[in-house]
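Each chain, letter by letter, is given below.
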Amino acid sequence: MTSLALSLKDVKLRFETTALAFDCAVPAGQIVAVVGASGSGKSTLFNVVAGFETPEAGEVLIFGEDMAGRMPAERPVSVIFQENNLFAHLDVATNVGFGISPSLSLDASDRGRIDEALARVGLAGFGKRLPPTLSGGERQRVAVARALVRHRPLLLLDEPFAALDPGMRAEMRDLIVDLHGEEGNTILMITHHPDDVKDLADGVLFLDQGRIVAHDALDRFLARRDLAAINRFLGNDEIR
Amino acid sequence: MFGASENRMTIAAAAFCLGGILLFVGLAGAALLAQSGESGANGLFDAYIWRVTRFTLLQAGLSTGLSILFAIPVSRALARQAAFPGRIWLLRLMALPLGLPALVAALGLIEIWGRQGFLNKGLTALGLQQPISVYGLFGILLAHVFFNMPLAARLMLAGLERIPGEYWRTAANLGMGSLAIFRFVEWPAIRGLLPGIAGLVFMLCATSFTLVLTLGGGPAASTIEVAIYQALRFDFDPPRAIALSALQVVLTATLLLVLKFLAPSPEEGETSGRVIRRFDGLSRLSRFADGTWLAVALVFVGLPFIAIATSGLQADLRRLVGEPAFHRALATSAAIALPSAAISVAMAALMIRAQRLVLARRHRGMPARLFAGTVGASTSLILLVPPVVLGAGWFLLVRPLGDVARFAPFVVVAINALMALPFVHRVLAPAMATHAARTERLAASLGIAGLHRLRWIDWPSLRKPLLMALSFALALSLGDLGAVALFGSQDLATLPWLLYSRMGSYRTADAAGLALLLGLICLVLTMLGTAGEKPPEGRSA
């Protein structure tokens, strides 16, 4: 665990009503849960890493490289959102195909890779289906398949299971764990569910009011009682 | 449902309105049919009529194609550059042609593209001999694109802005280029809207009267509507007018059917309102391309307004405003626009309320459903039977009764009221539905009824949509030439009629001044009428 997948140094952004400041170092190969109340800055943190938002100050390093001035597509990052990950008017295989070529020039071997990726997420034979005919969970699997063919070492999951029912959440968690085992990539995942944190994460980034107030390994995080916001998130108040 | 006698009165009044509309349109149709019987159908399919029909379809097709081809890059540029200074003003400018009377716009276009216009003066200065002529097909296309390109662009922009924000971030994350984004994201969204937009624009261009009347060049560039007018007003050839009217109704009926079955009607719809970040609009190349298209659109749409303003200000406005002819025209216009707008709004409100009452009954019999359906259809009857056709029917109907001029004001008021009805209905229906859903049961349970309900419940929350509808209807009637054209005379000279006759007698400075005044009045009224054109807050539960 010597190399760092992501490091944010004195990253600062200001919006109309809030100011955010991020500082953290995430080791490569981990799954890190990003948690905190809504409005605490989780999505902004992701936007900064993915390149959708430009910080006013500070450095964003991904695998040691400075990301300043790099467009979203030039970063070693794939993103999966809560919904609308797929272009609804294009079939599943085409949507995955964008992960290989953004102008969709695909040859036979590329098509083979698409089918293979779909099979890996349990959607073999779904290539010709249109996204609206799939369930929410299936659509998210297609997005995972696209991330698979893209092979970017850092994967950002922005509440990817939020629109799914509990059974599907568990299935998706298993899928993510499996693929992480095979790919060895680094995953940052925003979530609201303590279950996701306990089942998936190696570490936890906890945000409160635009700052990363805790960055712990999972067992240490779960044992913490010193911050009111964390107690609220873990439900520790109710236990007592 | 609640307050039985009051409701029965509402329904009876609405039925009376409905009967009035059907009778008004039906009598015009009957007059046309009756006279066609006595004249025989030999004049029906002569070469002139075919030529006019062909030109009507040709100019409408070309206008539609050009408007859409121009609108695609403009809407794309507006969508891609979501936050540049002045964007909101450009959008407001794109909404302006809607409120400009066609006659005023025609004058503005002539100021620029006409023989004495900016453009030809420039070309002559450059040593070009042959001036561009704005009259004929070219001018008609120009005017139709001026009106419809902004409309199409706004509808397309709304479609593009409805695309989920994640799409743009995904596209940026995947590294899709501008071409790939157009092919796979933007074009599919636009393509879905095209049938509706194209149908709407084609319909507007196929039934456009004033622009063709002023910019068309004789029989070679005349549409069916203008030919009807000429047949009655100049040639006095009723059979020809009748044949043309029948043709026009068949054409609009076909178009309406095609639109109904093939194309969902385009909507501006609501967008999330937050600024959408388009990463593909950041590169220097796309900024340059978008900036160029927006500049072209700005000049194309903006110049006629500037031309109207500058040449209008050069006219002797003070003398013009002091002229008795202007006073008479203003009074005539007001005397026609005010009652027609009031009638339109009152009829629409009554019929919408009655429709709701009838449909709220638990046992909806066949008559109730028929009534409700007819009410819905009657508000857009004017689309099927255009003003000039209605006017032609009534012209023939009242002629045997004596001087046409005596009846003219009433016919024009009625036609103008019908013309405004589709727009008034579109403003009032959603507002009244929301209002009813919120207050109906509460008011009934508290026993608030009759005038008390009108005063304390209905008026406060419906005042705004009612005034908006009234304002829009006023603008429409004030700027109208189609209904007045057939009946206009010394006794019935409205502002557009006065403007048209000043243009015809080459009193250009007067015409420019009048156009400025008329344009200003109508634009202000339209802006008031569309001010809060957002979906009513808190859509009904």
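Bear in mind the structure is a predicted one, so any value in this text is a computation, not a measurement.

> Quick question: what am I supposed to make of the overall build of chain B here?
Within chain B one finds 22 helices and 0 strands. Overall, chain B is about 70 × 60 × 50 Å in size when its C-alpha atoms are taken along their principal axes. Looking at chain B as a whole, 45% of its 541 residues are labelled buried. Here the analysis covers contacts within chain B between residues at least 6 apart in sequence; of these, 85% occur between residues at least 24 apart.

> Mind showing me how you'd approach the pairing of strand β2 (residues 19-27) of chain A here?
Taken residue by residue, a regular strand's side chains alternate between the two faces of the sheet. Residue and element names in this part refer to chain A. Across 8 bridges, strand β1 (residues 4-14) lies against β2 in antiparallel orientation. Looking at the pairing, Lys12 lines up with Ala21 of β2. Between β1 and β2, which pair antiparallel one after the other, the connecting turn spans 4 residues.

> What's the story with the confidence of the model for chain B in this structure? I'm lost.
In low-pLDDT segments, the atomic positions of the prediction should not be examined closely. All names here are of chain B. Of the residues in chain B, 91% have a pLDDT of 70 or more, and the chain-wide mean is 84. Low pLDDT, under 50, characterises residues 533-541; the predicted model gives this stretch 10 contacts beyond four residues in sequence or across chains. Scored by ipTM, the complex comes to 0.78, with pTM at 0.82.

> For this particular structure, what's the right way to read the domain arrangement of chain A?
When the parts of a complex come together, some accessible area is lost, and that lost area is often taken as the interface size. Residue and element names in this part refer to chain A. What the domain assignment reports for chain A is domain 1 (1-76 + 153-239) and domain 2 (82-151). Once you take the C-alpha centre of each, domain 1 and domain 2 turn out to be 25 Å apart. Of all elements in the fold, only β7 (154-158) and α5 (166-183) reach the threshold of two or more residues within the side of domain 1 that touches domain 2. In terms of residues, the side of domain 1 that touches domain 2 owes the most to one element, α5, which gives 5 residues. Across the side of domain 1 that touches domain 2, the residue classes tally to 9 nonpolar, no polar and 3 charged.

> Sorry if this is basic, but what is going on with the nonpolar core here?
Note on soluble globular proteins: their nonpolar side chains tend to be buried together. Of all hydrophobic cores here, the largest spans 154 residues; its most connected members are Met156(B) and Ile228(B). With 16 residues, the top contributor of residues to this core is helix α18 (residues 404-446) of chain B. For Met156(B), the residues in contact, after removing those within four places along its chain, are Ala71(B), Ile72(B), Ser75(B), Ile190(B), Leu193(B) and Ile197(B). Within the second largest apolar cluster, 75 residues are counted, among which are Val34(A), Ile80(A), Ala147(A) and Leu188(A).

> Explanation requested: the pairing of β1(A) in the structure shown.
By the bridge criterion, 5 bridges tie β1(A) to strand β4 (residues 57-62) of chain A in an arrangement that is antiparallel. In the sheet register, Lys12(A) faces β4(A), and the bridge partner there is Ala57(A).

> Would you explain helix α17 (residues 387-398) of chain B in this entry?
Since one α-helical turn is 3.6 residues long, residues separated by three or four positions face the same way. Residues and elements named next belong to chain B. With 12 residues, α17 should cover 16 Å at 1.5 Å per step; its first-to-last C-alpha distance of 16 Å lies within 8% of that length. Within α17, 11 of the 12 residues are buried, leaving the element largely enclosed by the surrounding structure. Within α17, burial applies to Pro387, Val388, Val389, Leu390, Gly391, Ala392, Gly393, Trp394, Phe395, Leu396 and Val398.

Rules used in this analysis
Residue positions are counted from 1 within each chain, in the order its sequence is given. Key to labels: chains lettered from A, ligands numbered from 1, both in the order written. pLDDT decides what is reported in this predicted model: residues at 70 or higher carry local features, side-chain atom pairs at 80 or more are listed and counted, and totals for whole chains, interfaces and linings draw on all residues regardless. Only DSSP runs of H or I covering at least 4 residues are called helices, and only runs of E covering at least 2 are called strands; the numbering of each starts at the N terminus. Residues with at least 20 neighbouring C-beta atoms inside 10 Å of their own are called buried, those with 12 or fewer are called exposed, and the rest are partly exposed, where every C-beta is derived from the backbone. By the criterion used throughout, residues are in contact when their C-beta atoms, derived from the backbone, lie within 7 Å. Pairing between strands is defined by DSSP: at least two bridges between the two strands are required. Note on scores: pLDDT gives the predictor's confidence for each residue, bounded by 0 and 100. Source of the domain bounds: an automatic or database domain assignment. Here the nonpolar group is Ala, Val, Leu, Ile, Met, Phe, Trp, Tyr, Cys and Pro; Asp, Glu, Lys and Arg are the charged ones; every other residue, Gly included, is treated as polar. The term nonpolar core means buried Ala, Val, Leu, Ile, Met, Phe, Trp, Tyr and Cys residues held together as one set by C-beta atoms within 7 Å. An expected span of 1.5 Å times one less than the residue number is assigned to each helix.

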